[in-house]
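Letter by letter, the chains look like this.
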Amino acid sequence: MTALPEISPPLINASGILSYPEVFRAFEASGAALGGYVTKSVGPAEKMGNENPVVVCPEVEGQPLLNSLALPTQSPEDWETDLAETRLENARLIVSIYGGDSAEFGEVAARMSPFADIIEVNLGCPNKVPGEVTLMESIGQRPDLSGEVIGRVRGATKKPVIAKLSPNSDYLAVAAACMDAGADGLGCGNTLGPGLAIDTGTGKAILAGVTGGISGPALKPVNLRMTYECYARFGCPIIGYGGIESWEDAVEYALAGACLLGIGTAFLGKSTSEAAGLTRRIWEGVQAYLGGAPFSELVGRAHREPAPESARA
Amino acid sequence: MTALPEISPPLINASGILSYPEVFRAFEASGAALGGYVTKSVGPAEKMGNENPVVVCPEVEGQPLLNSLALPTQSPEDWETDLAETRLENARLIVSIYGGDSAEFGEVAARMSPFADIIEVNLGCPNKVPGEVTLMESIGQRPDLSGEVIGRVRGATKKPVIAKLSPNSDYLAVAAACMDAGADGLGCGNTLGPGLAIDTGTGKAILAGVTGGISGPALKPVNLRMTYECYARFGCPIIGYGGIESWEDAVEYALAGACLLGIGTAFLGKSTSEAAGLTRRIWEGVQAYLGGAPFSELVGRAHREPAPESARA
Amino acid sequence: MRESVRVIRNLVESPWTNTLFFDREIACEPGQFMMVWLPRLGEKPFTLSYPNGITVKRAGAFTDALTALEPGDTLGLRGPLGRGYPPLERPALIGGGVGIAELRLLALRSESPTFILGGRTAEEILYFDEFQSLGPVKVATEDGSLGEKGLITDLLPVDAGSYAVCGPERMMVACRSVLPDDRTYYAIERYMKCAVGLCGQCTCSGLRVCVDGPIFQGAKLEHMPDFGRRRRSKSGRWEKI
Amino acid sequence: MRESVRVIRNLVESPWTNTLFFDREIACEPGQFMMVWLPRLGEKPFTLSYPNGITVKRAGAFTDALTALEPGDTLGLRGPLGRGYPPLERPALIGGGVGIAELRLLALRSESPTFILGGRTAEEILYFDEFQSLGPVKVATEDGSLGEKGLITDLLPVDAGSYAVCGPERMMVACRSVLPDDRTYYAIERYMKCAVGLCGQCTCSGLRVCVDGPIFQGAKLEHMPDFGRRRRSKSGRWEKI
Ligand SMILES: Cc1cc2nc3c(=O)[nH]c(=O)nc-3n(C[C@H](O)[C@H](O)[C@H](O)COP(=O)(O)OP(=O)(O)OC[C@H]3O[C@@H](n4cnc5c(N)ncnc54)[C@H](O)[C@@H]3O)c2cc1C
Ligand SMILES: Cc1cc2nc3c(=O)[nH]c(=O)nc-3n(C[C@H](O)[C@H](O)[C@H](O)COP(=O)(O)OP(=O)(O)OC[C@H]3O[C@@H](n4cnc5c(N)ncnc54)[C@H](O)[C@@H]3O)c2cc1C
Ligand SMILES: Cc1cc2nc3c(=O)[nH]c(=O)nc-3n(C[C@H](O)[C@H](O)[C@H](O)COP(=O)(O)O)c2cc1C
Ligand SMILES: Cc1cc2nc3c(=O)[nH]c(=O)nc-3n(C[C@H](O)[C@H](O)[C@H](O)COP(=O)(O)O)c2cc1C
Ligand code: FES
Ligand code: FES
């Protein structure tokens, strides 16, 4: 396993959120406490994704968000131009990739590798355009296909490779195949479900894609369990994603085993300066909890020893 | 398929919530708008379930509830005494059952049948006592085992049989096997996950069972999708469960295809009179939405025509 | 609300009973309760006897561990839960054994309380001095080591505007036979799991003690034949009281 | 907030533009927008021109369907979204084409507004009479059918306390060259998907128009080289403006 580069603070955005390099630069300029940024998932060819509506937003804080963007992407060539044009000032860049089969994953990985500090392989997006025939759904469900994909990506880049798992799968089996195939760590994980929402006014499903992946607080317990179980089983670097909104959430994921913490849905409705403020509050809260100890002492601590003394200061 | 008896209002509690016949009587006496009551799942022998804590409650409304009760039950003999002693005044009684294998399911079904208007077969509780070896988890995951269980139950009772599915499964395949084996309808569905919660103060997993099934608003989009897909595929009677807290939620499930609506987590923290009031508000809201039309006109309507005229009155 | 607190003091009240003080006060109505969590040992219901303390009688493994905690130890609290007492006028607070603990906060927030306390021995009569500074105190002990020798019911009836009774269920049943149902409140204990009204475990004649109680007016008990008679054990099986 | 409303009136404003009135008013700051949903057809951003209405120019399939709605039809609304205008003193409201619609609510809530309106023909000059009752109105049309013949920029500069500019991006760029950056606000349009700041689709030089805008102070545009230059299409690919 290649170690991940140091990412400090150990907070990043989640893929598909913020998405573009110029947005990352705007966050850096606003003083966001994000040590790394993840691109939206780069696919093998330009794709429009689903028609609007692509999100069902929580009406009350805490409720699930549904999204069915279904992986819109510009072409890898256009991504190359984009990433060459806008470089990050200090933070690391993680490029998320997807494909329709392992060859496509390999190609995209090879193209993106020069720009990336880490390649994150999106194995399990539950969304697709209705009628679309795609292997994406099944790849993340099947250990054999996932292993094949990671094997190809491993062959295409020397950068650390993270396999981002789907909670809607036998993820320990999938993770085992990915680790065997050379992954350097795991992303725990993508959105849940998918779920459905019906509008009572019109009596119709809201999302153009009918169903959408669930994110936000509703997802947290599931991906936290995934983090916990993957850490216990593989002891590898893990990026925790799902419902991280506060320092307490961040600490929970770290205690469960995540060494990097991804924020997505928590940015909902927030301007750049508000979002940057949120990241700082989360990081300050984590630091207060640490009471001066290095962040690494938290990682996986729930499996070993009680909370640090400072935890109840 | 045996038709379900009429249950009016088409609202019931969810299994494992309220649980006991004397509690159902107290709800009836308080004027709850529940046309039927479901017992907690009756198992083949007395069982203690997990130690406390068995729940992690939402800190903010809308957040997930985790529970890991893990199916405590008195013996079927004691249930017989209980159900013989306390009869409902007007409402129907649904007896939920579980077992470790199909033979046990059959035995419990045979014993409970005389008391039940409907037998609900719990195929997918994600909770167990740590270390416990149980087939329960895998039954709900496997179409073959689920079919076998429903076959046995079918042989043991003439009452309508509902197969209650797990969202953590290939539920359309499981449902198909259950319908083939003689189920009269589907329960959509049990809790999700399971999920994990860690206490930052102590740094430890909160639940004694470590992980727990997710219920409440967080579950709604998933079980609503299950309801929608099962209705489209089987057109059979469906009980919708998961995050029903308001008339809008109830209408969503009905539009998706549920002819009965189960309420569980929404009773959290509510006294008997508050809970009864909630059921009345939900039912009044549904009736206002119906604008005089029978409830049956709503069932599965999202698959056919737009909302009724009264919907936006 | 969940939170974790630290023990700042463990006060021995009697050979069987300790009061644990926390580093934080909990906003709570008298009569409400907290679920107290010790990781890996369990989570059980206790009433606050101080805004930042509980008084615990050893009754088994959990209370053994709880009363053995030392300053600096952490425990989890969930609550406040349940419905407490309505405002009581000129109440007689009638407590037996560790039930006395559950009356302390009520006493502090009541005007002109009277105290009727009972126990096996003097050591079970908690807060005796403190209560004397608040109002008249009558005591009965089974061994006569404090107050009258006998049972708490021997001290009844007394004249008061209202009555709050907390103690073993059989004691409460005995008290109820001589107290007016419309002005008397009883604190019922049942085995609790969820403590938020979901699981039904804590049923007393169909009312869920964790949300409909734990404080019940005597008039309500009229319709609760299980009071003093039976309760559901951890599995749901009935056990006699 | 999601809600569904019914159309109560469809008012033809011009051959290309209709105002749809709903049965309900939406609480909204001038400059904020709504995502308007027609089941199976899409969900797109529109600014309220009335507390209970939007003024829509036909630009494609969605706006064709929207402007064809009849009283009684239902549509979904999500919002209000984004950040609107700060309080403006003695503003000149400078609108081109359907951008004029987006200034109506601002006009009603401003003191002593002046209007500078432009369009291809007289039919594009929305609310002409109404605006005249609120303050001085200057108009430029390309065909000279109303006001001066020419472009809106021909009417600039004008003296005012502040400026709000809403119209085609090239027009706004042209206006910006003669207006003071610290007192002028521009309404930027980008392709919107989530409209709540998540997907990044609506980026203009890294600011997400749906949450950082859609209203931007001229001074901010100083650091937004993409303004007037390029935007991301539905797939994320850059397209020229
Ligand atoms: C609303 C309420 C308030 C209470 N307040 C106090 C208090 O202030 N001080 C105090 O000392 N005790 C109080 N108790 C009783 C206390 O909860 C039990 O003594 C304690 O749970 C015993 O646990 P154990 O493991 O030590 O004993 P165990 O060996 O488990 O059992 C001893 C007794 O405690 C009961 N018990 C065990 N677990 C529970 C549970 N989860 N819920 C309810 N009862 C249980 C058993 O039924 C048994 O009767 C209260 C109980 C209730 C219901
Ligand atoms: C904040 C904001 C406020 C707006 N307010 C109004 C208004 O009050 N009245 C009005 O007539 N128009 C308004 N628009 C423009 C309106 O959204 C588009 O005209 C409409 O989406 C065109 O959709 P269509 O399917 O009819 O056309 P299409 O054929 O899809 O496209 C025509 C044009 O509309 C743009 N467009 C299409 N879809 C979107 C989308 N999802 N988000 C943004 N732009 C899109 C395209 O980029 C293209 O330039 C506003 C746009 C924004 C961003
Ligand atoms: C709008 C939206 C778009 C997303 N797009 C992607 C994507 O392109 N690739 C990916 O791997 N995950 C995608 N995700 C999943 C997130 O990266 C993340 O795993 C998930 O949302 C959980 O984190 P959160 O609860 O903090 O949002 C998307 C999520 C949302 C809400
Ligand atoms: C505390 C608790 C106990 C439960 N016990 C059972 C059970 O014994 N049998 C069963 O089939 N489902 C059980 N469930 C699942 C519920 O019946 C229901 O399917 C689920 O909670 C979703 O509904 P809700 O969101 O309204 O709670 C339990 C759920 C909870 C919260
Ligand atoms: S303890 Fe669960 S209902 Fe009271
Ligand atoms: S439209 Fe998604 S961020 Fe603005």
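Cut-offs and rules
Residues numbered from 1 in each chain as written. Chains lettered and ligands numbered in written order. Predicted model: local features only at pLDDT ≥ 70, side-chain atom pairs only at ≥ 80, totals over all residues. Heavy atoms only, no water. Helix = DSSP H or I, 4+ residues; strand = E, 2+ residues; numbered from the N terminus. Rg over C-alpha atoms; globule rule 2.2 N^0.38 Å. Buried < 20%, exposed > 50% of the residue type's maximum accessible area, 1.4 Å probe, protein only. Contact = heavy atoms within 4.5 Å. Areas by Shrake-Rupley, 256 points an atom, 1.4 Å probe, with all protein chains shown as cover. Lys, Arg positive; Asp, Glu negative; His and termini not counted. Charge placed at Lys NZ, Arg CZ, Asp CG, Glu CD. Pairing = 2+ DSSP bridges. Axes fitted to C-alpha atoms, helices over the stretch in contact; angles between N-to-C directions. Salt bridge = Lys/Arg side-chain N within 4 Å of Asp/Glu carboxyl O. Polar contact = N/O pair within 3.5 Å; in protein donor to acceptor, adjacent residues only side chain to side chain. Nonpolar A, V, L, I, M, F, W, Y, C, P; charged D, E, K, R; others polar. Near = heavy atom within 4 Å. Right-handed = clockwise from strand over helix to strand, strands pointing away. Buried area = accessible area lost by both parts, 1.4 Å probe. Domains from an automatic or database assignment. Parallel < 35°, antiparallel > 145°, perpendicular 65-115°, else oblique. Left-handed = near helix turned anticlockwise from the far one by under 90°. Core = buried A, V, L, I, M, F, W, Y, C linked by side-chain atoms within 4.5 Å.

**Here's the deal with the overall build of chain C**
Consideration 1: Tallying secondary structure elements over chain C gives six helices and 17 strands in all.
Consideration 2: By the compact-globule yardstick of 18 Å for 241 residues, chain C fits well, its C-alpha radius of gyration being 17 Å.
Consideration 3: With the C-alpha coordinates aligned to their principal axes, the bounding extent of chain C is approximately 45 × 40 × 30 Å.
Consideration 4: Here chain C, with 241 residues, has 60% of them falling under the buried criterion.
Consideration 5: Of the contacts formed within chain C by residues at least 6 apart in sequence, a portion of 54% connects residues at least 24 apart.
Consideration 6: Summing over all exposed atoms, chain C offers an accessible surface of approximately 9,400 Å²; the carbon and sulfur share of this is 50%.
Consideration 7: When the 30 basic and 29 acidic side-chain charges of chain C are each reduced to a single mean position, those positions are 8 Å apart.

**Brief notes about the sheet that holds strand β1 (residues 2-14) of chain C**
All names here are of chain C.
Consideration 1: Judged by pairing direction, the barrel is antiparallel, and its six strands sit side by side in the order β1-β2-β5-β4-β3-β6 before closing back on the first. Strand-to-strand, the axes of this sheet are offset by a mean angle of 45 degrees, without reference to chain direction.
Consideration 2: As defined by bridge partners, β1 adjoins strand β2 (residues 17-22) across six bridges and the pair is classed as antiparallel. Within the sheet, the bridge partner assigned to R9 lies in β2 and is F21.

**Considering the interface of chain B and chain C**
Consideration 1: Chain B puts 43 residues into the contact, and the matching count from chain C is 36 residues.
Consideration 2: At the boundary of chain B and chain C, one finds seven salt bridges.
Consideration 3: Salt-bridge contacts for R237 of chain C lead to E46 of chain B; the nearest nitrogen and oxygen are separated by 2.9 Å.
Consideration 4: The tally of links between chain B and chain C comes to 22 residue pairs in polar contact (both at pLDDT 80 or more).
Consideration 5: At the level of elements, α1 (21-29), α2 (76-85), β11 (204-205) and α9 (272-290) of chain B are the ones that each hand at least two residues to the side of chain B that touches chain C.
Consideration 6: In terms of residue count, α1 of chain B provides more of the side of chain B that touches chain C than any other element does, five residues in total.
Consideration 7: For the side of chain B that touches chain C, a count of residues per class yields 19 nonpolar, 12 polar and 12 charged.

**Concerning the site of ligand 1**
Consideration 1: Neighbouring ligand 1 are 21 residues, the closest being P45, T55, K57, T63 and M192 of chain C.
Consideration 2: Around ligand 1, the neighbouring residues derive from chains B and C rather than from a single chain.
Consideration 3: Contact distances for ligand 1 include 3.2 Å between an oxygen atom and a backbone N or O atom of T47 of chain C.
Consideration 4: Note that a nitrogen atom of ligand 1 is positioned 2.8 Å from one of the backbone N or O atoms of M192 of chain C.

**Considerations on the pairing of strand β6 (residues 118-122) of chain B**
Along a regular strand, successive side chains alternate from one face of the sheet to the other.
Residue and element names in this part refer to chain B.
Consideration 1: Burial of β6 is extensive: five of the five residues sit out of reach of the surface.
Consideration 2: Alternating positions in β6 separate into two faces, I118, E120 and N122 on one and I119 and V121 on the other, with burial throughout.
Consideration 3: Crossover handedness for the path strand β5 (residues 92-97) to helix α3 (residues 102-112) to β6: right-handed.
Consideration 4: Pairing analysis gives four bridges linking β6 to strand β7 (residues 161-165), with the strands arranged parallel. Each residue of the ladder has a partner; that of V121, found in β7, is A163.

**Considering the interface of chain A and chain D**
Consideration 1: Facing 44 residues of chain A, the contacting portion of chain D comprises 36 residues.
Consideration 2: Across the chain A/chain D interface, buried area totals approximately 3,300 Å², and carbon plus sulfur atoms make up 52% of it.
Consideration 3: Of all residues in chain A, E22, N52 and E59 of chain A bury the most surface against chain D, accounting for 18% of the area lost on that side.
Consideration 4: Linking chain A with chain D are seven salt bridges.
Consideration 5: Put simply, E51 of chain A and K234 of chain D hold a salt bridge, and the shortest N to O gap is 2.5 Å.
Consideration 6: There are 22 residue pairs in polar contact (both at pLDDT 80 or more) connecting chain A and chain D.
Consideration 7: Residue contributions to the side of chain A that touches chain D peak at five residues, all from helix α1 (residues 21-29) of chain A.
Consideration 8: Partitioned by chemical class, the residues of the side of chain A that touches chain D number 20 nonpolar, 12 polar and 12 charged.

**So, the domain arrangement of chain C**
All names here are of chain C.
Consideration 1: Along its sequence, chain C is carved into domain 1 (2-81), domain 2 (85-184) and domain 3 (188-241).
Consideration 2: Once you take the C-alpha centre of each, domain 1 and domain 3 turn out to be 22 Å apart.
Consideration 3: Listed by partner, the interface residues are eight residues for domain 1 and nine residues for domain 3.
Consideration 4: Between domain 1 and domain 3, a total of about 570 Å² is buried, with carbon and sulfur atoms accounting for 64% of that surface.
Consideration 5: Linking domain 1 with domain 3 are zero salt bridges, by the criterion used here.
Consideration 6: Among the residues forming the side of domain 1 that touches domain 3, the class breakdown is four nonpolar, one polar and three charged.

**Here we look at the packing of α3 of chain B against helix α5 (residues 143-156) of chain B**
Between two packed helices, the angle of one axis relative to the other and the distance separating the axes together describe the packing.
Residue and element names in this part refer to chain B.
Consideration 1: Two elements in contact, α3 and α5, have axes separated by 8 Å at closest approach and are oriented at 30 degrees. Taken together, the axis directions place α3 and α5 in an arrangement best described as roughly parallel. Considering how the two elements wind past one another, α3 and α5 form a crossing that is right-handed. Along its contact with α3, which presents S102, A103, F105, G106, A109 and A110, the element α5 presents E148, V149, R152, V153 and A156.
Consideration 2: Each residue belonging to the contact of α3 with α5 can be placed in one class, and the counts come to seven nonpolar, two polar and two charged.

**Quick look at the nonpolar core**
Consideration 1: Judged by nonpolar contacts, the single largest core of 136 residues is most densely connected at I97, V121, L186, C230 and F267 of chain B together with I94 of chain C.
Consideration 2: No other element matches α9 of chain B, which puts eight residues into this core.
Consideration 3: Membership of the second largest hydrophobic core comes to 135 residues, among which are V174, C230 and V286 of chain A together with I188 of chain D.

**Structural notes on the environment of Q74 of chain B**
Consideration 1: Of note, Q74 of chain B is situated in the loop between β4 (65-67) and α2.
Consideration 2: Dropping the residues within four chain positions of it, Q74 of chain B is found in contact with Y20, G43, A45, E46, W79 and D82 of chain B together with R232, S235, G236, R237 and W238 of chain C.
Consideration 3: Of note is the side chain of Q74 of chain B, whose polar atom sits 3.0 Å from the side chain of D82 of chain B.

**Examining the pattern of salt bridges**
Pairs may arise between side chains of opposite charge once their charged atoms sit close together.
Consideration 1: Counted by the stated rule, this structure contains 56 salt bridges over all chains.
Consideration 2: Residues E85 of chain B and R230 of chain C are paired through a salt bridge, measuring 2.8 Å at the closest nitrogen-oxygen approach. Residue E85 of chain B is located in helix α2, and its partner R230 of chain C is located in strand β16 (residues 230-232); the two belong to separate chains.
Consideration 3: Each of E85 of chain A together with D226, R229 and R230 of chain D takes part in a single network of salt bridges with overlapping partners.

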